[in-house]
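Descriptive analysis of the structure
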Amino acid sequence: MSSPSSPPDRATLLESLRDYVEQLREEGLEGLPASTTPAPGAIAKSTAPERAPRVPIADSPKLEVTPGPSIELISKYPGLEKTSTLEELRDFIGECTRCKLAPCRTNLVFGVGNPNAQLMFVGEAPGADEDARGEPFVGRAGQLLTDIIERGMGLSRSDVYICNVIKCRPPDNRNPEPDEVAACEPFLMRQIDLVQPRAIVGLGTFAVHAILKIKTPISKLRGHWHELRGIRMMPTFHPAYLLRNPGDKRLVWADIQEVMKFLGMPIPRRGGSAT
Ligand code: SF4
């Protein structure tokens, strides 16, 4: 046992650093600037795409939705568009080696829930618990998502569909890389096409940025409807972020209430958060 004055061990330091970096990501920081002074001859250029204009939705004049990207990814893998059920899609993916994450996984984490769900939750990528069990959103963050669904919304976890953008765990829980997103994203697009939910909840910075192809901080995206493959998507904070920042549960609950209103669900009278 270490004395009070002992320095923290390496594992503790790494864990603290990982939590801090995750918090910065949720707050929208994508990387540290190399320098605040442009190099001689450098051309100032914004990497952030222009925001799409907001357009009103006919069936809900008070709400607006930002059109999403046009993603024609199904044709990337011939035959993918012919899968007509989630089981067929899972068979199509098989023991996938289409990206460099394949050797890193214990289990490929496809997705769980109602194949005809009205509501779909999409997260980033499997973590250690998910990789071990082959199921998305288990462990502490998963339990918080389950609480939001069951205690907050009054649904069962099996009423909704839950999956990730990336199906295999990145080593050391690092961010998925662009080539990995490009390789795996067609499977998510096909999942969305097959489930055809009425609404999608995008969980956390990475998932929302990967799906919408924008870099706007999640704190600005949340609370506003976006569109993906003709379906409304509500971005909100990731449950893992809420474990470290429980004060923001009320913001997630506000986003979830917006989704419930759209789905015609009764909003329970309760305090400021779902859990
Ligand atoms: S992350 Fe996706 S594309 Fe990469 S190996 Fe896993 S299933 Fe295949």
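Residues numbered from 1 in each chain as written. Predicted model: local features only at pLDDT ≥ 70, side-chain atom pairs only at ≥ 80, totals over all residues. Heavy atoms only, no water.

This paragraph deals with the nonpolar core. As a rule of thumb, soluble globular proteins bury nonpolar side chains together. Membership of the largest hydrophobic core comes to 66 residues, with the highest contact counts inside it found for Leu119, Phe121, Val165, Leu188 and Ile256. Setting aside its immediate chain neighbours within four residues, leucine 188 contacts Met120, Val122, Cys163, Asn164, Val165, Lys167 and Ile211. (Core = buried A, V, L, I, M, F, W, Y, C linked by side-chain atoms within 4.5 Å. Buried < 20%, exposed > 50% of the residue type's maximum accessible area, 1.4 Å probe, protein only. Contact = heavy atoms within 4.5 Å.)

Time to look at the site of the ligand. In the vicinity of the ligand, the residues found are Cys96, Arg98, Cys99, Ala102, Arg105, Leu108, Ile166, Lys167, Cys168, Ala183 and Cys184. Its atoms largely coinciding with the cavity grid, the ligand occupies the largest cavity. Looking at the shell around the ligand residue by residue, the class counts come to 8 nonpolar, no polar and 3 charged. (Near = heavy atom within 4 Å. 1 Å grid on protein atoms, 1.4 Å probe; cavity = no way out; pocket = protein on both sides within 12 Å on 5 of 7 lines; lining within 4 Å. Sits in = over half its atoms within 2 Å of the grid points. Nonpolar A, V, L, I, M, F, W, Y, C, P; charged D, E, K, R; others polar.)

What follows is about the packing of aromatic side chains. All told, the structure shown has 3 aromatic pairs when counted by the stated rule. Both rings, one in tyrosine 77 and one in phenylalanine 187, keep their centres 5.3 Å apart while their planes meet at 20 degrees; by these two values the pair is stacked. Of this pair, tyrosine 77 sits in the loop between β2 (60-66) and α2 (86-93) while phenylalanine 187 sits in helix α5 (residues 178-195); the two residues are 110 residues apart in sequence, bridging distant segments of the chain. Comparing tyrosine 77 with phenylalanine 187 shows no difference in burial state: the two are buried. A cation over an aromatic ring shows up here: arginine 98 above the ring of tyrosine 77, its NZ or CZ 5.1 Å from the ring centre. Sitting above the plane of the tryptophan 225 ring, arginine 232 keeps its charged end 5.0 Å from the centroid. (Phe/Tyr/Trp six-rings, centres within 6.5 Å; stacked < 30°, edge-to-face > 60°. Helix = DSSP H or I, 4+ residues; strand = E, 2+ residues; numbered from the N terminus. Lys NZ or Arg CZ within 6 Å of the ring centre and 35° of its normal.)

As a further point, take the pairing of strand β6 (residues 199-203). Judged by how many residues are buried, β6 sits mostly within the fold: 5 of 5 residues are covered. Here β6 shows two buried faces, one formed by Ala199, Val201 and Leu203 and the other by Ile200 and Gly202. Bridging between strand β4 (residues 119-123) and β6 involves 4 bridges; their strand directions are parallel. The residue bridging phenylalanine 121 from the neighbouring strand is valine 201, located in β6. Relative to strand β8 (residues 231-236), β6 runs parallel, the two being bridged by 5 bridges. Considered in β8, the bridge of isoleucine 200 is made with methionine 233. (Pairing = 2+ DSSP bridges.)

Taken as a whole, the protein shows an average pLDDT of 81; of its residues, 71% reach a score of 70 or greater. pLDDT under 50 marks residues 1-5. Its contacts with residues more than four places away, or in other chains, come to 0 contacts. Low pLDDT (under 50) marks residues 27-62, which in the prediction has 31 contacts with non-local residues, meaning those over four places away or in another chain. (pLDDT = per-residue confidence, 0-100.)

Tallying each qualifying case throughout the model produces 1 cavity of 30 Å³ or more. The volume enclosed by the largest cavity comes to roughly 100 Å³. In terms of lining residues, the largest cavity is bounded by Cys96, Arg98, Cys99, Leu101, Ala102, Arg105, Ile166, Lys167, Cys168, Ala183, Cys184 and Phe187. Split by residue class, the lining of the largest cavity holds 9 nonpolar, no polar and 3 charged. (Points joined across faces, edges and corners; volume = space filled by probe spheres on them.)

Here the focus is the pattern of salt bridges. The final tally for this structure, using the stated rule, is 15 salt bridges. Close ionic contact of glutamate 180 with arginine 174 constitutes a salt bridge, the shortest N to O distance being 2.7 Å. Classification of glutamate 180 by relative accessible area gives buried; the value is 0%. For arginine 174, a relative accessible area of 25% puts it in the partly exposed group. The salt bridge partner of glutamate 185 is lysine 213, with a shortest N-O separation of 2.7 Å. Of the two residues, glutamate 185 is situated in helix α5 and lysine 213 in the loop between α6 (205-212) and α7 (218-221); the sequence distance between them amounts to 28 residues. Residue class for lysine 213 comes out partly exposed when judged on its relative accessible area of 38%. Connected through salt bridges with shared partners, the residues Lys100, Arg174, Glu177, Asp179 and Glu180 form a single ionic network. (Salt bridge = Lys/Arg side-chain N within 4 Å of Asp/Glu carboxyl O.)

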